[in-house]
Amino acid sequence: MLVVVLGVIVVGALTAGEPMRAWWVVAVAVPAWALDSLDGYVARRTGSASERGARLDSGVDGALVLVMSLAMAPLAPWALVGGLLFPVFLAAQLVRPAWRRTLPRRPSRRIAGGTMTGTLVIGMAPFWPAPLVQVAVAVAVVVVTWSFAVDVRWLERRAGDGRRG
């Protein structure tokens, strides 16, 4: 729910030309980011984890990164690359069914996603110097792009050799 609220606020602020690096963005984004890190943990500990829940969680994660990349775009337009990776990946699944496979657990994927989200959220705090935020976002985009490339390579290798999982 926080991601939806944040999305509405960010789009409204962008439309009105308001500055995005503001404490109000941080105040909404930090709890959304923190709760995102807790949901999977709670699901696993309570035995309620499911593939459907994992897909929902990935979708919400992707939405949070997209919203935050939109908010960061006025300062670091390349943030949109990181924000669009997940939606583009989902769209590609429509034409490339092999990409619909369940990916194996990979801790580096979680680290890359967390790095991207965290950099965008923390970078919204207005006290950070703009050049530092721009470099940090660029590094995070490279890391998350690398992570997606690793997954796409894995999916393509499985498609090429006929393996199912």
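A short tour of the structure in this document, coming up.

Reading the values: rules and limits
- Numbers given to residues run from 1 along each chain, matching the order in which its sequence is written.
- Where totals are concerned, whole chains, interfaces and linings use all residues; where local detail is concerned, this predicted model gives features only for residues with pLDDT of at least 70, and gives and counts side-chain atom pairs only at 80 or more.
- Hydrogens and water are ignored here; the side-chain numbers use all heavy atoms of the structure.
- Each nonpolar core is a collection of buried residues, namely Ala, Val, Leu, Ile, Met, Phe, Trp, Tyr and Cys, held together in the definition by side-chain atoms within 4.5 Å.
- For each residue, the accessible area found with a 1.4 Å probe, counting protein chains only, is set against the maximum for its type, and the residue is called buried under 20%, exposed over 50%, and partly exposed in between.
- Numbering of helices and strands runs from the N terminus; a helix is a DSSP stretch of H or I covering at least four residues, while a strand is a stretch of E covering at least two.
- Note on contacts: a residue pair qualifies if any of its non-hydrogen atoms lie within 4.5 Å across the two residues.
- Helix axes are fitted only over the stretch in contact, all axes being lines through C-alpha atoms; the angle between N-to-C directions runs from 0 to 180 degrees.
- Should an angle fall under 35 degrees it is called roughly parallel, over 145 degrees roughly antiparallel, and 65 to 115 degrees roughly perpendicular, with every other angle called oblique.
- Each helix crossing is assigned a hand: it is left-handed if the near helix lies turned anticlockwise from the far helix by less than a right angle, otherwise right-handed if that turn is clockwise.
- Polarity classes work like this: nonpolar for Ala, Val, Leu, Ile, Met, Phe, Trp, Tyr, Cys and Pro, charged for Asp, Glu, Lys and Arg, and polar for all others, with Gly in that last group.
- Each patch is built from residues lacking any salt bridge and having more than 30% relative accessible area; the joining distance is 9 Å for like charges and 5 Å for nonpolar side chains (Val, Leu, Ile, Met, Phe, Trp, Tyr).
- Using the Shrake-Rupley algorithm and a 1.4 Å probe, accessible areas are obtained, with residue cover drawn only from the displayed protein chains.
- Here a salt bridge means any side-chain nitrogen of Lys or Arg lying within 4 Å of a carboxyl oxygen belonging to Asp or Glu.
- Positive: Lys, Arg. Negative: Asp, Glu. His and the chain ends are not part of the count.
- Throughout, a charge is located at the NZ atom of Lys, the CZ atom of Arg, the CG atom of Asp or the CD atom of Glu.
- What counts as a ring pair is set by centres within 6.5 Å for rings of Phe, Tyr and Trp (its six-membered ring), and what kind of pair is set by the plane angle: stacked under 30 degrees, edge-to-face over 60, tilted for all other angles.
- By definition here, charges over rings are those cases where NZ of Lys or CZ of Arg is within 6 Å of the ring centre and within 35 degrees of the ring normal.

1. Thoughts on the nonpolar core
Next, step 1: With 37 residues, the main nonpolar core has L6, M68, M72, M116, L120, M124 and V137 as its most contacted residues.
Next, step 2: Elements with a minimum of two residues in this core: α1 (2-16), α2 (23-46), α3 (51-72), α4 (79-95), α5 (107-123) and α6 (130-161).
Next, step 3: Looking at this core element by element, the count peaks at eight residues for α6.
Next, step 4: Apart from residues no more than four positions distant in its own chain, L120 is found in contact with V65, M68, S69, M72, A79 and V137.

2. Focus: the packing of α1 against α3
Next, step 1: For the pair α1 and α3, the least separation of the axes is 10 Å and the interaxial angle reads 20°. It follows that α1 is roughly parallel to α3 by the angle criterion. Where α1 crosses over α3, the two elements pack in a sense that is left-handed. Of the residues in α3, those in contact with V3, L6, G7, V10 and L14 of α1 are V60, A63, L64, V67, M68, L70 and A71.
Next, step 2: In the contact of α1 with α3, the residues fall into eleven nonpolar, one polar and no charged.

3. A closer look at a positive patch on the surface
Next, step 1: There is a patch of like positive charges on the surface, built from R44, R45, R105 and R110.
Next, step 2: Locating R110 in the fold gives a position in helix α5.
Next, step 3: With relative accessibility at 58%, the residue R110 sits in the exposed group.

4. Focus: the pattern of salt bridges
Next, step 1: For the structure shown, the criterion picks out three salt bridges.
Next, step 2: Taking the shortest distance from any N to any O, the salt bridge between R96 and E156 comes out at 2.7 Å. Separated by 60 residues along the polypeptide, R96 in the loop between α4 and α5 and E156 in helix α6 bring together distant segments of the chain.
Next, step 3: When the shortest N-O distance is used, the salt bridge between R109 and D151 registers 2.8 Å. Here R109 is found in helix α5, whereas its partner D151 is found in helix α6, with 42 residues between them in sequence.
Next, step 4: The exposure class of R109 is partly exposed, given its relative accessible area of 24%.
Next, step 5: On the accessibility criterion, D151 (8% relative accessible area) is buried.
Next, step 6: Each member of the salt-bridge network shares a partner with another, and the members are R106, R109 and D151.

5. Topic: the packing of α1 against α2
Next, step 1: Close contact between α1 and α2 brings their axes to 9 Å; oriented N to C, the two are set at 155°. Classified by the interaxial angle, the pair formed by α1 and α2 is roughly antiparallel. By crossing handedness, the relation of α1 to α2 is classed as left-handed. Contacts between α1 and α2 involve L2, V3, L6, I9 and A13 from the first element and W24, V25, V28, A29, P31, A32 and L35 from the second.
Next, step 2: Among the residues making up the contact of α1 with α2, the classes are represented as twelve nonpolar, no polar and no charged.

6. Quick notes on the side chain of T117
Next, step 1: For T117, the location among the structural elements is in helix α5.
Next, step 2: Judged by its relative accessible area of 7%, T117 is buried.
Next, step 3: Other than its neighbours up to four places away in sequence, T117 contacts W33, L64 and V65.

7. Observations concerning the packing of aromatic side chains
Next, step 1: Evaluation of the coordinates by the stated rule reveals four aromatic pairs.
Next, step 2: Between the aromatic rings of F89 and F148, the centroid separation amounts to 5.9 Å while the plane-to-plane angle is 70°, which identifies the pairing as edge-to-face. Taken as a pair, F89 in helix α4 and F148 in helix α6 lie far apart in primary sequence, 59 residues in all. Here the two residues F89 and F148 agree in accessibility, since each one is buried.
Next, step 3: Taken together, a centroid distance of 4.8 Å and an interplanar angle of 35° make the contact between F127 and W128 tilted.
Next, step 4: Lying across the ring of W146, R106 places its NZ or CZ 5.8 Å from the centre.

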